[in-house]
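The primary structure of each chain is shown beneath.
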Amino acid sequence: MRAILALLLALLVTPVEAEERDWRHGLSLLGEIKYPKGFAHFDYANPKAPKGGIVRFGVEGGFDTFNYVPGKGDLASGTTYLYETLMTPAEDEVASDYGLLAESVSRSPDFSSVTYRLRSEARWHDGVPVTPEDVIFSFEMVTKYNPPFHLFYRNVKSVTKTGEREVTFTFDKAGNRELPQIVGQLNILPKHWWEGKDATGKPRDIAQNTLEIPLGSGPYRIKSFEPGRRIVYERVKDYWGRDLNVNLGRFNFDEIRYEHFRDDTVLFEAFKADQFDWHTEISAKTWASGYDVPAVKDGRILRETFPVRGGGQMQGFAMNQRRPLFQDQRVRKALGLLLDFEEMNKLLFFGQYQRVTSYFFGTKLAATGVPEGLEREILESVRDKVPAALFEKPYQIPASGTAEMMRANLREATRLLKEAGYELRDRRMTEVKTGRPMRFEVLLNGPSFERHMLFYKQALDRLGIDMTIRTVDQPQYTARVRDFDFDMLVFDRGQSLTPGNEQRDYWGSEAAGRPGSGNWFGIRDPAVDALIDRVIYAKTREELVAATRALDRVLLWGDHMVPAWTYLFQRTARWDRFGKPDPIPYYSIGFPDSWWFDAEKAARIGTRR
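None of the values given here were measured: they were computed from a predicted structure. (Residues numbered from 1 in each chain as written. Predicted model: local features only at pLDDT ≥ 70, side-chain atom pairs only at ≥ 80, totals over all residues. Heavy atoms only, no water.)

Draft legend 1. Geometry of the overall build of the chain. Across its full length, the chain holds 20 helices and 25 strands. In terms of overall dimensions, the chain has a C-alpha envelope of 90 × 70 × 50 Å along the principal axes. Counting only residues that meet the buried cut, the chain has 53% of its 609 residues in that class. When contacts within the chain are restricted to residue pairs at least 6 apart in sequence, long-range pairs at least 24 apart make up 73% of them. (Helix = DSSP H or I, 4+ residues; strand = E, 2+ residues; numbered from the N terminus. Buried < 20%, exposed > 50% of the residue type's maximum accessible area, 1.4 Å probe, protein only. Contact = heavy atoms within 4.5 Å.)

Draft legend 2. Examining the pattern of salt bridges more closely. Evaluated as defined, the whole model comprises 49 salt bridges. With a closest N to O distance of 2.7 Å, E423 and R425 form a salt bridge. R534 is paired through a salt bridge with E543; the nearest N and O atoms lie 3.5 Å apart. Residue E543 is classed as buried on the basis of its relative accessible area of 15%. (Salt bridge = Lys/Arg side-chain N within 4 Å of Asp/Glu carboxyl O.)

Draft legend 3. Representation of the confidence of the model for the chain in the model. With 97% of its residues at a pLDDT of 70 or more, the chain shows a mean pLDDT of 93. Here residues 1-19 scores under 50 on pLDDT; set against residues more than four positions off or in separate chains, the count is three contacts. (pLDDT = per-residue confidence, 0-100.)

Draft legend 4. Layout of the sheet that holds strand 1 (residues 26-28). Spatially, the three strands line up as an open sheet ordered 1-4-3, and their pairing is antiparallel. Lying at the two open borders of the sheet, with one neighbouring strand each, are strand 1 and strand 3 (87-89). Between one strand axis and the next, the sheet turns through 25 degrees on average, direction left out of account. (Pairing = 2+ DSSP bridges. Axes fitted to C-alpha atoms, helices over the stretch in contact; angles between N-to-C directions.)

Draft legend 5. Looking closely at the sheet that holds strand 5 (residues 102-107). What the four strands build is an open sheet, ordered 5-6-8-7; its pairing is antiparallel. Strand pairing shows two members of the sheet lacking a second neighbour, strand 5 and strand 7 (156-163), which therefore form its edges. Averaged over all adjacent pairs, the angle separating strand axes in this sheet is 20 degrees, with direction ignored. As paired strands, strand 5 and strand 6 (residues 113-118) are joined by five bridges and run antiparallel to one another. Within the sheet, the bridge partner assigned to V105 lies in strand 6 and is Y116. Here helix 3 (residues 132-145) sits on the sheet and contacts strand 6, strand 7 and strand 8 (166-171); the angle it forms with strand 7, its principal contact strand, is near 170 degrees.

Draft legend 6. Looking closely at the pairing of strand 20 (residues 488-496). Pairing of strand 14 (residues 311-319) with strand 20, which is carried by nine bridges, proceeds in the antiparallel orientation. Directly across from M314, in strand 20, lies its bridge partner R493. Inspection of the sheet shows strand 18 (residues 439-444) paired to strand 20 by two bridges, in the parallel sense. By the bridge assignment for strand 20, L443 is matched with L489.

Draft legend 7. How the structure looks around the side chain of T363. As for its placement among the helices and strands, T363 is situated in the loop between strand 15 (354-355) and helix 12 (373-380). A distance of 2.8 Å separates a polar atom in the side chain of T363 from the backbone oxygen of F360. (Polar contact = N/O pair within 3.5 Å; in protein donor to acceptor, adjacent residues only side chain to side chain.)

Draft legend 8. The arrangement of helix 10 (residues 329-337) in detail. Within the span of helix 10, buried status applies to V331, R332, A334, L335, G336 and L337. Where helix 10 begins, one side-chain oxygen reaches toward the backbone nitrogen of R330, 2.8 Å away; that side chain belongs to D328.

Draft legend 9. A look at the packing of helix 10 against helix 13 (residues 403-419). Axis separation between helix 10 and helix 13 bottoms out at 9 Å; the angle between their running directions is 165 degrees. As summarised for this structure, helix 10 and helix 13 are arranged roughly antiparallel, according to the angle between their axes. In this structure, the crossing between helix 10 and helix 13 has a hand that is left-handed. Residues R330, V331, K333, A334 and L337 of helix 10 pack against M406, N409, E412, A413, L416, L417 and E419 of helix 13. (Parallel < 35°, antiparallel > 145°, perpendicular 65-115°, else oblique. Left-handed = near helix turned anticlockwise from the far one by under 90°.)

Draft legend 10. Region of interest: helix 14 (residues 450-462). For helix 14, which comprises 13 residues, the first-to-last C-alpha distance of 19 Å matches the rise-based estimate of 18 Å (1.5 Å per residue) to within 8%. All buried positions along helix 14 are accounted for by H452, M453, F455, Y456, A459 and L460. Residue G464 follows helix 14 closely and has a positive phi angle near 75 degrees. (Expected span 1.5 Å × (residues − 1).)

Draft legend 11. Quick look at the pairing of strand 7. Inspection of the sheet shows strand 7 paired to strand 8 by six bridges, in the antiparallel sense. Bridging from a neighbouring strand, T160 pairs with T168 of strand 8. Counted along the chain from strand 7 to the antiparallel partner strand 8, the turn is two residues long.

Draft legend 12. Representation of unusual backbone geometry in the model. Cis peptide bonds are those with omega within 30 degrees of zero, and the linkage from D582 to P583 qualifies with 10 degrees. Within the secondary structure, P583 is located in the loop between strand 24 (578-579) and strand 25 (596-597). In this structure, P592 follows F591 across a cis peptide bond, with omega equal to 5 degrees. Along the polypeptide, P592 turns up in the loop between strand 24 and strand 25. The backbone phi angle of F111 is positive, close to 60 degrees, even though this residue is not glycine. Assignment of secondary structure puts F111 in the loop between strand 5 and strand 6.

Draft legend 13. Molecular detail of the nonpolar core. With 75 residues, the main nonpolar core has L86, Y116 and F169 as its most contacted residues. Of all the elements, helix 3 adds the most residues to this core, at six residues. Judged by nonpolar contacts, the second largest core, of 47 residues, contains W520, A527, Y537 and L555. (Core = buried A, V, L, I, M, F, W, Y, C linked by side-chain atoms within 4.5 Å.)

Draft legend 14. Region of the structure containing the environment of L27. Structurally, L27 is set in strand 1. Overall, the relative accessible area of 2% leaves L27 in the buried class. For the pair L27 and F137, spaced 110 residues apart in sequence, the C-alpha separation works out to 24 Å. When near neighbours in sequence (up to four residues on either side) are disregarded, L27 contacts I33, M87, A95, S96, D97, V105, R107, Y116, P180 and Q181.

Draft legend 15. The arrangement of the environment of G508 in detail. Residue position: G508 is located in the loop between helix 16 (502-507) and helix 17 (509-512). For G508, a relative accessible area of 5% gives the class buried. The spacing of G508 and G518 is 10 residues in sequence and 9.2 Å in space, taken between C-alpha atoms.

Draft legend 16. Representation of the packing of helix 11 (residues 341-348) against helix 14. One way to put it is that helix 11 packs onto helix 14 with a least axis distance of 11 Å and a crossing angle of 140 degrees. Looking at the two axes, helix 11 sits oblique to helix 14. Two packed elements cross with a definite hand, and for helix 11 against helix 14 that hand is right-handed. Residues E343, M344, L347 and L348 of helix 11 touch helix 14, and the partners they reach there are R451, H452, F455 and Y456. Here the residues of the contact of helix 11 with helix 14 are counted per class, giving five nonpolar, one polar and two charged. (Nonpolar A, V, L, I, M, F, W, Y, C, P; charged D, E, K, R; others polar.)

Draft legend 17. How the structure looks around the side chain of D525. Relative to the helices and strands, D525 resides in the loop between helix 17 and helix 18 (526-536). No salt bridge is formed by the buried D525; its nearest oppositely charged neighbour, R332, is found at 7.8 Å. In contact with D525, other than residues within four places in its own chain, are S509 and V554. (Lys, Arg positive; Asp, Glu negative; His and termini not counted.)

What follows is the structure, given as C-alpha cells:
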C-alpha cells in the first residue's frame, strides 16, 4: 500500500517540481552575468553617495494620468519610480538582469517556463507584502488593456502561483530565449489597492486613466502635483529595498521634480533661467548657437556629450499605409527620393548628423552590403515573399547634396509616380484615374520639426505634391497616433542590442490592426512576420544577429519610411549641482539614479529660482 501511495504521489508531481530547480540571482541573454552571487553593489554606483537634495527636470507638454496600464492619455513622467520589477538591469552589461522584487529566478533548460521567488521583505508603501497574486494580477491587467504588452508577452500561456512566494510563467512553446527574462521586467502593481475603493468610495478601475495618487513599492512616492504642470516625487525613507545590492548608491535625491512647459522654446528659456537643472538637447542648431549665456561662460552650466552605446536608432518620416495614398510602394519610394539630407544637414544641422541607413543604425545588427552566410540562408526561407534584387545588391538610401543629384532624384521620383498612376497637371501631381491632386498631412506634436518639414516641403512643391503641416498639442497627438489617425509623422525609435518580442509590436501584422500598437506604418508583410519569429527564437547570438540583419534588410526594401538622420551622442546641459559616479554606466548616463546632490557645488552656484 505504501508503495502504491508513493507511486501516486510521484505521478502528481510535475517534472519541474520533481527536479531540483537551478535558482539564480541573475540572468543574461548573452551567456554569463558579470556580477557574482552576493556582490556588494554595481560598479557604477557609489554606496557612499550622500542622500538629500533636489533634482528638477523640464518636460514639454502636460500629463493627465498616473496609470500606465491602459496605454492611453499622457502618462506623468517619473511613474516608474513608484513601481518595481521582479528583476532590474545592470547598466554596464548588455541584457543582464538581477533580482529586485525577486530574490532568485529559475528558468527551464528549454526556455518553456520560468519561476520567480519573491523576497519575503518586499513591501508596498502601506506595509502590505508583495505577493504572487500581485504579479499575476499585473500581468493579466497589462496584457488585457495595453496593446503593446499584449504582443510583447503573446507567448505566455499562463501565470500561476506555485509556492508561498513563487510565481511561474509557462509559455506556449519552448525556445523563446528572451521571454523568461522579459517577464521579469514587468512593473508589478498592488492588487489589493486596485481592487479597493478611492477616497470617495468609488471602486477603482485599472482600465481607466486616473490622477489619484497610486500605491507603489519603489524608492519614491508622489508627494504633490498640479495637473499638467508639476509633479514632485519624494524618496521613501523606509523603502524596503534601500539596502539591496542592486540599489546601494542609487536613488540618492530626496526629491525628483518634473516641471511642465507648453513647448520646447519656453522649456529651453526656463532651463537657462534656472527653473530646472538638467536638459537633454535635441536641436543641433540650439547646441551650436543657443548656449552663449553667462551661466555657460562662468561654468555654472556644464555642457557634456555622452556616447550612445546601449542600442540602435531609427528616425524618419513614417507613412501610414492604412491610407490609400501610401499603399503603393512606388509612391513611398518616390517620397524618399525627395529628401535632400546633405543640404539639410549643412543648412540646418551644422553638419552634425548622419543619415540613417538601418532600422538598427549604430549597431552590429544593421544590414550591410549583400546578404551572406547565415543571413542569406535565413532570407532564403522567405525568398518568395521579398524582392529578388534584395539578394543581389544592398538597399541604397537616396544620395543628394548637389543640384545634379537632386535633379536625378526628381526625375526618378517622377518616373515612379507615373508608374503609380500620377502625372503633372497645371503644376499639380494628379492621380490620372480620379483627377485628385496628391496631398497629405504631416502630424507634429510641437514646433521642433516644423522647419525641417518646411525644408522637405520645398522639394515636394517642385513636383506639385501638396504637403501640409499640422502641429497639435500633446493630448491630441497621442490620441491620433493611438488611433492611427494621421498620414505621415516623424518617427523616432530606439532599438535594443538584443531585439526580440517587442519587434512584433513594432512591425508585425497583428499589431497593424490593433490601436495603440507601435506599428504606426500599418506594415502587413508575411516575410516580416516570419523574420520576427526567427529573431525571437534564435538559439545563438550568431543566429540572432543574422536574423535581425535579415529583418532589417526586408524592412528597408519595403520603403516604409523616409529615412532621416541621427546623432550617436547625447547632448546634455546641467546646472553644476551634482556629483556623478566614476565610472558612469557604460550603456547609459545613469542620471539621476546613480548621481547625487553636491551641496558644495550647489552653494557656489547660488539659490535656485
